[in-house]
Amino acid sequence: MSSAPLRFLDAAPHLRPPTAPTGPAPAGAGPAKTAPDAPVVVPARRTGQWAAAVAVLVLLGLGLTSVARNEAFQWDVVAHYFTSAAVLRGLGLTLWLTAAVMVLGFALGTLLAALRLSANPVLRAVSWGYVWFFRSTPILVQLLFWFNIGVLYPRVLGVSTVDLLGPVAVAVLGLTLHEAAYAAEVVRGGILSVDRGQIEAAQALGLGRTRRFTRIVLPQAMRAIVPPAGNMLIGTLKGTSIVSVIAVQDLLYSTQLVYHRTYEVIPLLLVATLWYVAVTSVLSVGQHHLEKRYARGTGTAR
């Protein structure tokens, strides 16, 4: 039975599979035939995109050239005051205000978020009312209100309100209460983003409430908390400029004091702008690396 297919193939040589020739090609034979080439894929020409890119680069170059060559910007004055003592003192106060407000704001915001997620309806209502009120009023109005709180309460705990709440204390108080309302929603959203099954699994393992929060909930919630928290940090840095209306000598107010004396308004505003851009850029880089750290193992790190 095993030799039948061989006899069949011998009897029908046209059914044998083609084999490549092993010897030299006979003299006078033409070139060997090859299989037709695969179709060549030619990428589509994106002429419009390249033209738009060139136009944008040209406009950007013209804009930068105009700014660099315009003598009205007084870049020599900008360079002179960029690292002056008054400006650096204002920058230091701005950075201190930003750090203090973010730490205190997120501490209070985390507490408010916990109250909002509580099973107690009274605590939920109080937290919701706080967030509703402070998100509904402008920060400038809040600062002016706290700055004039002495009209309503001249003395608190036997101490004059004016002595107790100076301009810097008012700035910290007003900005913290305002930022806490937004931080509460950021933290609450991050906690709610954690899968409920994770918490139930931790409960099944017998982990206490504190360990469940610090070991299971918080590390996963940080992936959702870090991006909006980074935006809040940058917004707080820029938002501290509003405290200049209550005579807090931050970065903007320090530059205003200088140009009120020298009348060099544009160069001093450029000094403040460049410092804000520099610090914001550093914070953005830090936010990017922090996001990558908390996104490890999720396939979303970029």
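Conventions adopted
- Residues numbered from 1 in each chain as written.
- Predicted model: local features only at pLDDT ≥ 70, side-chain atom pairs only at ≥ 80, totals over all residues.
- Heavy atoms only, no water.
- Phe/Tyr/Trp six-rings, centres within 6.5 Å; stacked < 30°, edge-to-face > 60°.
- Helix = DSSP H or I, 4+ residues; strand = E, 2+ residues; numbered from the N terminus.
- Buried < 20%, exposed > 50% of the residue type's maximum accessible area, 1.4 Å probe, protein only.
- UniProt positions renumbered as here; feature names shortened; annotations may be inferred.
- Polar contact = N/O pair within 3.5 Å; in protein donor to acceptor, adjacent residues only side chain to side chain.
- Contact = heavy atoms within 4.5 Å.
- Expected span 1.5 Å × (residues − 1).
- Arc of directions from axis to C-beta.
- 1 Å grid on protein atoms, 1.4 Å probe; cavity = no way out; pocket = protein on both sides within 12 Å on 5 of 7 lines; lining within 4 Å.
- Points joined across faces, edges and corners; volume = space filled by probe spheres on them.
- Salt bridge = Lys/Arg side-chain N within 4 Å of Asp/Glu carboxyl O.
- Core = buried A, V, L, I, M, F, W, Y, C linked by side-chain atoms within 4.5 Å.

Here we look at the packing of aromatic side chains
Remark: the centre distance and the inter-plane angle together describe each pair of aromatic rings, the angle taken between the planes. Counted according to the given criterion, the structure contains 6 aromatic pairs. A centroid spacing of 4.5 Å and a plane angle of 35° characterise the contact between Tyr130 and Phe134, whose relative ring orientation is tilted. Taken together, the positions of Tyr130 and Phe134, both in helix H5 (residues 121-136) and 4 residues apart, correspond to about one turn of that helix. In terms of burial, Tyr130 and Phe134 fall into one category: buried. Arranged with centres 5.2 Å apart and planes meeting at 90°, the rings of Phe133 and Phe134 form a pair that is edge-to-face. What makes Phe133 partly exposed here is its relative accessible area of 42%.

Overview of the UniProt feature "transmembrane region" (unreviewed entry) in the protein
In the numbering adopted here, UniProt assigns the feature "transmembrane region" (unreviewed entry) to residues 50-68, 88-115, 127-147 and 265-286. Between the first and last C-alpha atoms of residues 88-115 the distance is 40 Å; the span itself is 100% helix and 0% strand.

Concerning the side chain of Thr240
Looking at where Thr240 falls in the secondary structure, it is placed in the loop between helix H10 (209-239) and helix H11 (251-262). The buried category is assigned to Thr240, whose relative accessible area is 0%. In this structure the side chain of Thr240 is engaged in a polar contact, spanning 2.6 Å, whose partner is the backbone oxygen of Leu237. Those residues in contact with Thr240, other than ones at most four positions away along the chain, are Thr94, Leu97, Thr98, Leu175 and Asp250.

Thoughts on H5
With 16 residues, H5 extends 22 Å from end C-alpha to end C-alpha; this agrees with the ideal 22 Å at 1.5 Å per step. Buried within H5 are the following residues: Ser127, Tyr130, Val131 and Phe134. Buried residues in H5, looked at end-on, bunch into an arc of 90°, giving them a common side. Across H5 from its buried face, at more than 90 degrees, point the exposed residues Pro121 and Val122.

What to know about the layout of surface pockets
Reported here for the largest pocket is a volume of approximately 510 Å³. In terms of lining residues, the largest pocket is bounded by 16 residues, among which Leu117, Ile191, Arg209, Phe213 and Val217 are the most central. Of all the secondary-structure elements, those providing two or more residues to the lining of the largest pocket are helix H4 (85-116), helix H8 (167-192), helix H9 (196-204) and H10. Of the residues forming the lining of the largest pocket, the biggest block, 4 residues, is contributed by H10.

Some words on the pattern of salt bridges
Counted according to the given criterion, the structure contains 2 salt bridges. For the salt bridge of Arg116 with Glu185, the shortest nitrogen-to-oxygen distance reads 3.2 Å. One end of the pair, Arg116, is in helix H4; the other, Glu185, is in helix H8, and 69 residues separate them in sequence. Here Glu185 makes a salt bridge to Arg188, at a shortest N to O gap of 3.0 Å. Highlighted residues: Glu185 and Arg188, both in helix H8, separated by 3 residues, approximately one helical turn.

Description of the nonpolar core
Within the largest apolar cluster, 17 residues are counted, with the highest numbers of intra-cluster contacts made by Tyr81, Leu251, Val271, Trp275 and Tyr276. Residue assignment for this core shows that the elements contributing at least two residues are helix H3 (75-82), H4, H11 and helix H12 (265-294). Ranked by the residues each element gives to this core, the list is headed by H12, at 7 residues. Look past the residues within four positions of Leu251 in its chain and what remains in contact with it is Val87, Gly90, Leu91, Thr94, Ala272, Trp275 and Tyr276. Counting 16 residues, the second largest nonpolar core, distinct from the first, contains Met102, Ala113, Ala221 and Met232.

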